[in-house]
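Spelled out from the first residue to the last, the chains are:
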Amino acid sequence: MFAIIPDGTDYREFVLLKDGRSVLLRLAKPEDADRVEAFINSRTSQTLALRFMAGVSRVSRKFVEDLCAWDPRRWACLLAVEGAEQRILGLGNYVGDGGNLAEVAFLVSEEDQGRGIATLILEKLGGLAAGAGFVGFEAEVLYENQKMIRVFRDSGYETRQALEGGIIHVRFPLSAPEAMRERAATRERVAVANSMVPLLRPRAVAVVGASRDPSSLGNALFRNILQGRFRGTLYPVNPRASSIEGVRAYASLADLPEPPDLAVLAVPASKVLTLARKALDTGCRSLLVLAAGFAETGPEGARRQDRLVKLVRSRGARLVGPNCLGLLNTDASVQLNASLASALPPRGRVGFFSHSAALGVVILQYAAERGLGFSTFVSAGNRADVSGNDLLQYWDEDPATDLALLYLETFGNARRFARLARRMSHRKPVLCVKSARSGAGLRMAQAHIGASPQNDAEVEALFQQAGVIRADTLEELFDIALLLSNQPLPRGNRVAVVSNSGGVATICADACESRGMAIAGPGLVDLQATATAEQYEQACYGALVHPEVDALIATFACVGSCDPNAVARAIRRAAAKAERATGTAKPTLLSLMGVSGAVAVGLPVKGDRGPARTFPSYRFPESAALALSKVVEYARFRLLPPGRILGYEGMDPAAARRFVEASLQGLPREAPPLAMKEEQARTVLGAFGLGVAAPAEADPRRGKRVALSLTADPDFGPIWRFHRRGLPSMLRITPLTDLDIAGVLDHLQLPRACGLAETLGRLTQMVEELPWLHAIEAQVEVLPGGAPAPGCLPLLPGLHLSFAVPALRPF
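Residues numbered from 1 in each chain as written. Predicted model: local features only at pLDDT ≥ 70, side-chain atom pairs only at ≥ 80, totals over all residues. Heavy atoms only, no water.

Asker: What is the right way to read the overall build of the protein chain from this model?
Answerer: Of regular secondary structure, the protein chain possesses 23 helices and 34 strands. For 811 residues, the compact-globule formula gives about 28 Å, and the C-alpha radius of gyration of the protein chain, at 30 Å, lands near that figure. Counting only C-alpha atoms, the protein chain reaches 95 × 90 × 55 Å along its principal axes. Each of the 811 residues in the protein chain was classed as buried or not, and the buried ones make up 56%. Taking the contacts inside the protein chain whose residues are at least 6 apart along the sequence as the reference set, 73% of them involve residues at least 24 apart. As presented, the protein chain carries roughly 32600 Å² of accessible surface, and 51% of it is formed by carbon and sulfur atoms. (Helix = DSSP H or I, 4+ residues; strand = E, 2+ residues; numbered from the N terminus. Rg over C-alpha atoms; globule rule 2.2 N^0.38 Å. Buried < 20%, exposed > 50% of the residue type's maximum accessible area, 1.4 Å probe, protein only. Contact = heavy atoms within 4.5 Å. Areas by Shrake-Rupley, 256 points an atom, 1.4 Å probe, with all protein chains shown as cover.)

Asker: Is there a simple way to think about the layout of surface pockets in this case?
Answerer: If a probe the size of a water molecule is rolled over the atoms, the empty space left behind becomes visible. Volume-wise, the second largest pocket comes out at about 760 Å³. Contributing to the lining of the second largest pocket are 31 residues, with Gln-464, Gln-465, Gly-467, Phe-637 and Arg-732 lying nearest its centre. Put simply, the parts of the chain that give the lining of the second largest pocket at least two residues each are helix H14 (456-466), strand S22 (469-471), helix H19 (621-639), strand S32 (730-733) and helix H22 (738-747). At seven residues, H22 tops the list of elements feeding residues into the lining of the second largest pocket. (1 Å grid on protein atoms, 1.4 Å probe; cavity = no way out; pocket = protein on both sides within 12 Å on 5 of 7 lines; lining within 4 Å. Points joined across faces, edges and corners; volume = space filled by probe spheres on them.)

Asker: Before we go on, may I ask you to explain the nonpolar core in this structure?
Answerer: Nonpolar side chains in soluble globular proteins tend to end up buried together. Counting 59 residues, the largest nonpolar core has Leu-392 and Phe-417 as the members making the most contacts within it. Not counting residues within four places of it along the chain, the set of residues in contact with Phe-417 comprises Asn-389, Leu-392, Leu-406, Leu-408, Phe-411, Leu-462, Phe-463 and Val-468. (Core = buried A, V, L, I, M, F, W, Y, C linked by side-chain atoms within 4.5 Å.)

Asker: In this structure, what is going on with the packing of aromatic side chains? I would like to understand it.
Answerer: The geometry of an aromatic ring pair is captured by two quantities: the separation of the ring centres and the angle between the planes. Following the criterion strictly, the structure yields 17 aromatic pairs and no others. Taken together, the ring pairs connect Tyr-94, Phe-106, Phe-134, Phe-137, Phe-152, Tyr-157 and Phe-172 into an aromatic cluster. Taking the ring centre of Phe-52 as reference, the NZ or CZ of Arg-51 above it sits at 4.4 Å. The residue whose ring lies beneath Arg-304 is Phe-294, and the NZ or CZ to ring-centre distance is 5.9 Å. (Phe/Tyr/Trp six-rings, centres within 6.5 Å; stacked < 30°, edge-to-face > 60°. Lys NZ or Arg CZ within 6 Å of the ring centre and 35° of its normal.)

Asker: Looking at this structure, how should I read the pattern of salt bridges?
Answerer: Oppositely charged side chains are able to pair whenever their charged atoms sit close together. Taken as a whole, this structure holds 51 salt bridges when the rule is applied. Notably, a salt bridge pairs Glu-37 with Arg-61, separated by 2.6 Å at the nearest N-O pair. Placement of the pair is Glu-37 in helix H1 (residues 33-41) and Arg-61 in helix H3 (residues 61-67), with a sequence separation of 24 residues. Residue Glu-37 is classed as buried on the basis of its relative accessible area of 18%. What makes Arg-61 partly exposed here is its relative accessible area of 32%. A salt bridge links Arg-318 to Asp-390; the nearest nitrogen and oxygen atoms lie 3.2 Å apart. Pair noted here: Arg-318 is in strand S15 (residues 318-320) and Asp-390 is in helix H11 (residues 388-397), with a separation of 72 residues, a long-range link. Comparing Arg-318 with Asp-390, the two get one shared label, buried. One connected set of salt bridges, linked through shared partners, spans Asp-19, Glu-82, Arg-87, Glu-111, Asp-112 and Arg-115. (Salt bridge = Lys/Arg side-chain N within 4 Å of Asp/Glu carboxyl O.)

Asker: Any chance you could explain the sheet that holds strand S17 (residues 336-339) here in plain terms?
Answerer: The strands that make up a sheet pair up through hydrogen bonds in the backbone, lying either parallel or antiparallel. Strand order across the open sheet formed by seven strands is S17-S16-S19-S18-S20-S21-S22, with mixed pairing between neighbours. Each end of this open sheet is capped by a strand with a single partner; those strands are S17 and S22. When the angles between neighbouring strand axes are averaged without regard to direction, this sheet yields 20 degrees. (Pairing = 2+ DSSP bridges. Axes fitted to C-alpha atoms, helices over the stretch in contact; angles between N-to-C directions.)

Asker: So what exactly am I meant to see when it comes to the side chain of Ser-709 here?
Answerer: Relative to the assigned elements, Ser-709 resides in strand S30 (residues 705-713). Ser-709 sits in the buried class, given a relative accessible area of 16%. In this structure the side chain of Ser-709 is engaged in a polar contact, spanning 2.9 Å, whose partner is the side chain of Glu-777. If we skip the residues at most four places from it in the chain, Ser-709 touches Ile-719, Trp-720, Arg-721, Ile-776 and Glu-777. (Polar contact = N/O pair within 3.5 Å; in protein donor to acceptor, adjacent residues only side chain to side chain.)

Asker: Help me understand the sheet that holds strand S8 (residues 167-173), please; the structure alone is not making it clear to me.
Answerer: The eight strands lie next to each other as S1-S2-S3-S4-S5-S6-S8-S7, forming an open sheet whose pairing is mixed. Of all strands in the sheet, those with a lone pairing partner are strand S1 (12-16) and strand S7 (160-164), marking the two edges. Taking the axes of each pair of neighbouring strands and ignoring which way they run, one obtains an average angle of 25 degrees across the sheet. Alignment of strand S4 (residues 87-96) against strand S5 (residues 101-108), held across seven bridges, turns out to be antiparallel. By the bridge assignment, Asn-93 is partnered in S5 with Ala-105. Contacting S4, S5 and strand S6 (136-142), helix H2 (residues 45-52) runs over the sheet at an angle of about 170 degrees to S5.

Asker: Even after reading the chapter, I still don't get the pairing of strand S14 (residues 286-289), so can you show me in this structure?
Answerer: Here is the key point about a regular strand: its side chains alternate between the two faces of the sheet. Alternating residues of S14 divide into Ser-286 and Leu-288 and Leu-287 and Val-289, and every residue in both groups is buried. With respect to chirality, the unit in which strand S13 (residues 262-265) leads through helix H8 (residues 269-281) into the neighbouring parallel S14 is right-handed. With three bridges joining them, S14 and S15 adopt parallel strand pairing. Bridge pairing in S15 links Leu-288 to Val-320. (Right-handed = clockwise from strand over helix to strand, strands pointing away.)

Asker: Looking at this structure, how should I read a negative patch on the surface?
Answerer: Residues Asp-97, Glu-103, Glu-140 and Glu-164 make up a contiguous surface patch of negative charge. Here Glu-164 lies in strand S7. (Patch = residues over 30% accessible without salt bridge, like charges linked within 9 Å, V, L, I, M, F, W, Y side chains within 5 Å. Lys, Arg positive; Asp, Glu negative; His and termini not counted. Charge placed at Lys NZ, Arg CZ, Asp CG, Glu CD.)

Okay, here's the thing in structure tokens:
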């Protein structure tokens, strides 16, 4: 994603290309001159002609040395490199025009064109230039260089083009309009999804450390893959065995007849780095490391993990682990169980990610007992490389996954999680248990996965904004998952209850209403203790066809000798007939007292040829009500349009960046945040069309004051707190979309036309454009009665605005 990079001196970032391989983007330095010169001069005459718009066969040493001289306010060059030898795949550079524009140009090796390298260099080079005070890029491109034209056009920047004499002049501002954000997000999502294919859909797997010892980790892993009937080729690697479990073994990775897509390293931590390098040398594209002994053990383990990650990323590969359970894919064309789970779970359409290794195994077993099926499962352990964010993007693109389940102890990049989850939640539900909420829980998370503590209030705000369904317990997680994976979303919060016990119906009604649902339609239907299956069918059908019912909870308390399956089949018949009669499927939940899980009920209905229908069943009606209430909230979120970041005229963010940079000039990195004087704050705010009101005289008719507070969190990025006297405070993660702003106004009980909406929209732009921003403390005054205000409300005097070196912004 486009982001302003305020200090690019040490900029280095691994990025994923659209084919899923990673490359390192870094600034060219004087010591790169020989490598850069060789790269440029080895290009074809046609490639050089398109780059320099003239017949050029070689470039001068002086040109190369200037290219590699880092002076961000005049010029900069970004290299895309891969491998231990730092092979250059492409480069891009800008040169200032003496004002606030810079000319940009690119050169990509012939064999690497079309992989998205120039697009990513353009995105990051724009962030570097914006951080150095430039407001726009321009370029001269030959008309026949259509590949480069497409790079500019598809980047998402708001380009303007003019053709003159066979040369196209391109100019665009360095900002992140909504179109660019969306295109960058799409590029990232496709790249991440493709990078996960060697891990989750490998054609060949090597188990390094596979052993004949039945008690060893290597034997268990190899046996699980073998017994899971993996559809690809499986290679055991062991220098002291001729065969493992009847499969020919190989002495080393170099002896394999083909490069494995996935190498499972079932070896001690001390051997991982050496064997990882050997695996990558064969062309392997992904690693699974189960061993502990890395960041979770302390500084030495953290250094070992850092060396492993750098090695993997430098080779364009991906890594799951270390300190993890493994991964699996139940797809019939894959059937991979590269984990410590003894068997593949039932096939389904649920993707599951877990921080905890041992807990992951237990969860898989419990889910199978509840009748929940999985598409894929990953236990990421320390999340040294692959994290829950990567899995969200894979599942978003995966047609075999309809629901994402997450067990998280901490976030790696909470700001990125919010962006990804918000997008996915509008298409597929994201359901999460976030543990480590207590002090003791945080300490344990730090001990076993090297996690950092995070405030639960910020987590709750993130989930609400992103539409993530939060479960407080693992049991709740599976109660909700069973409903989401087996029933349609409700269209509203109106519920009917059918039961053979007045007491059970009362408990269910209380649970529904206490969680924001309304008992509607026929309301509570008590069939009495001796109700027959036929009576259940009639009552459930009547409830489901009622126009004022959005969902049905049917409970059954077995009295004497009874057959709950007969009742379940009757409810199924009622649901099928109601759906045919109304053309609308409504969620139906069962509480067959004592039966918990998914109840698959066949279709003995004459003339109905559809497949068996699966209903979630809960031991107690309160559990059904809780699960339904969470899904009702999610369904309400799905009805909302995706939020967007609002843009406004009359803003000059480049001027604000230059002013802030000048104010921070010369301050050491360890300096405390710089608090601006009010006149300085007025200058910064004015660049975004925000004003500061003159001191007002006391007025008994004065409107309501709202306090706005922003702080920079190292994990979540900038966090807003909004407060109005007499109401609870509200936290929100940036950036604020139009829907977020509307929600803030509703919470503050203010009309949406009161002027505060535009104030918050402009402040959002300021937060996004000034990554040095550390804190804001301000107040606004809403007109009496919330009367409409022209434009945006000014901030009141006495505000506080501070900036920090370096910028505190996790992107």
